[in-house]
Amino acid sequence: KNEVEQSPQNLTAQEGEFITINCSYSVGISALHWLQQHPGGGIVSLFMLSSGKKKHGRLIATINIQEKHSSLHITASHPRDSAVYICAVAGTASKLTFGTGTRLQVTL
Amino acid sequence: GAVVSQHPSRVICKSGTSVKIECRSLDFQATTMFWYRQFPKQSLMLMATSNEGSKATYEQGVEKDKFLINHASLTLSTLTVTSAHPEDSSFYICSARDRRTGEGYGYTFGSGTRLTVV
């Protein structure tokens, strides 16, 4: 069993839909990261969370430390949101452990 | 915000040659740099961790003599793939820890290097 599990693996949505991507982890963490990887490969850090909720534009990330679970929400999705979204957790050694990613395709 | 510049973005080389990939932190000091490789449709795999001024720590199964990492300054880390073979073809990406005011340490990623060995 992977230490970081993401669901769904693939997601297709129509423009405007509300999207949720889930991440569960089984280890103790110092922080959880949500990353976005575009088709060209570049990775952008979206959020770093250690508790609660953060919002940036149409993106919202939440974390429940007790349940070892985090969600990434995208409101009013747009085709430019199409990318792979990766959940990663940072342990005490500062290394990141990555989920397998969620491939999101938003269509018109 | 923190930026890591990675070059080249794409390189094609002949089998047996060496390729150097650079990652520079542009507006912060990267005391720790992580090097990853990623195969198509797979997750990032950590290859090694480098700290400025000391030897890199390699993950199990990663050949340190094949993947040479140098972190000679607080703003520059390099990965050299020596005697490259077609099986080394992959996407290589670096990541630096950056201090985020009031939030602890985040990670800034380079844009990646797609290596093709022919």
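Thresholds, definitions, all that
- Residues numbered from 1 in each chain as written.
- Chains lettered and ligands numbered in written order.
- Predicted model: local features only at pLDDT ≥ 70, side-chain atom pairs only at ≥ 80, totals over all residues.
- Heavy atoms only, no water.
- Helix = DSSP H or I, 4+ residues; strand = E, 2+ residues; numbered from the N terminus.
- Buried < 20%, exposed > 50% of the residue type's maximum accessible area, 1.4 Å probe, protein only.
- Pairing = 2+ DSSP bridges.
- Axes fitted to C-alpha atoms, helices over the stretch in contact; angles between N-to-C directions.
- Salt bridge = Lys/Arg side-chain N within 4 Å of Asp/Glu carboxyl O.
- Contact = heavy atoms within 4.5 Å.

> Would you take a moment to explain the environment of Ser54(B) for this structure?
Residue and element names in this part refer to chain B. Turning to its location among the elements, Ser54 is positioned in the loop between strand 5 (45-51) and strand 6 (57-58). Of the residues examined, Ser54 reaches a relative accessible area of 40% and is grouped as partly exposed. Between the C-alpha atom of Ser54 and that of Pro40, which follows or precedes it by 14 residues, the distance is 32 Å.

> How do you make sense of the sheet that holds strand 8 (residues 69-74) of chain A when you look at a structure like this?
The pairing of strands in a sheet happens through backbone hydrogen bonds and is either parallel or antiparallel. Residue and element names in this part refer to chain A. Overall, antiparallel pairing links the 5 strands, which are arranged 1-3-8-7-6 in an open sheet. Each edge of the open sheet carries a strand with a single partner, namely strand 1 (4-7) and strand 6 (52-56). This sheet shows a mean twist of 15° between the axes of neighbouring strands, independent of strand direction. Pairing between strand 6 and strand 7 (residues 59-64): 5 bridges, direction antiparallel. The residue of strand 7 that forms the bridge with Lys55 is Ile60.

> I tried to follow the pattern of salt bridges on my own but got confused; where do I start?
Opposite charge on two side chains allows them to pair when their charged atoms are near. Enumeration according to the criterion identifies 4 salt bridges over all chains in this entry. Of the charged contacts in the structure, one is a salt bridge between Asp81(A) and Arg58(A), with a shortest N-O distance of 2.9 Å. Remark: Arg58(A) occurs in the loop between strand 6 and strand 7 and Asp81(A) occurs in the loop between strand 8 and strand 9 (83-90); sequence separation between them is 23 residues. Among the ionic pairs, Lys66(B) bridges to Asp88(B), the shortest N-O distance being 2.9 Å. With Lys66(B) in the loop between strand 6 and strand 7 (67-73) and Asp88(B) in the loop between strand 8 (76-81) and strand 9 (90-100), this pair connects stretches of sequence that are 22 residues apart. Among the residues examined, Lys66(B) registers a relative accessible area of 12% and is labelled buried.

> What exactly am I supposed to notice about the environment of Leu35(A) here?
Mapping Leu35(A) onto the fold places it in strand 4 (residues 31-37). Residue classification places Leu35(A) among the buried positions, given a relative accessible area of 1%. C-alpha separation for the pair Leu35(A) and Met48(A), spaced 13 residues apart in sequence, amounts to 9.1 Å. The residues touching Leu35(A), leaving out its near neighbours within four places in the chain, are Ile43(A), Val44(A), Ser45(A), Leu46(A), Val84(A), Tyr85(A), Ile86(A), Ala88(A), Phe98(A) and Phe109(B).

> Looking at this structure, how should I read the sheet that holds strand 1 (residues 4-7) of chain B?
All names here are of chain B. The 4 strands lie next to each other as 1-3-8-7, forming an open sheet whose pairing is antiparallel. In this open sheet, the two edge strands, each paired with only one partner strand, are strand 1 and strand 7. The sheet shows a mean angle of 15° between the axes of neighbouring strands, taken without regard to direction. Strand direction decides the pairing type here: strand 7 and strand 8, joined by 5 bridges, are antiparallel. Within strand 8, the position partnered with Leu68 by the bridge is Thr80.

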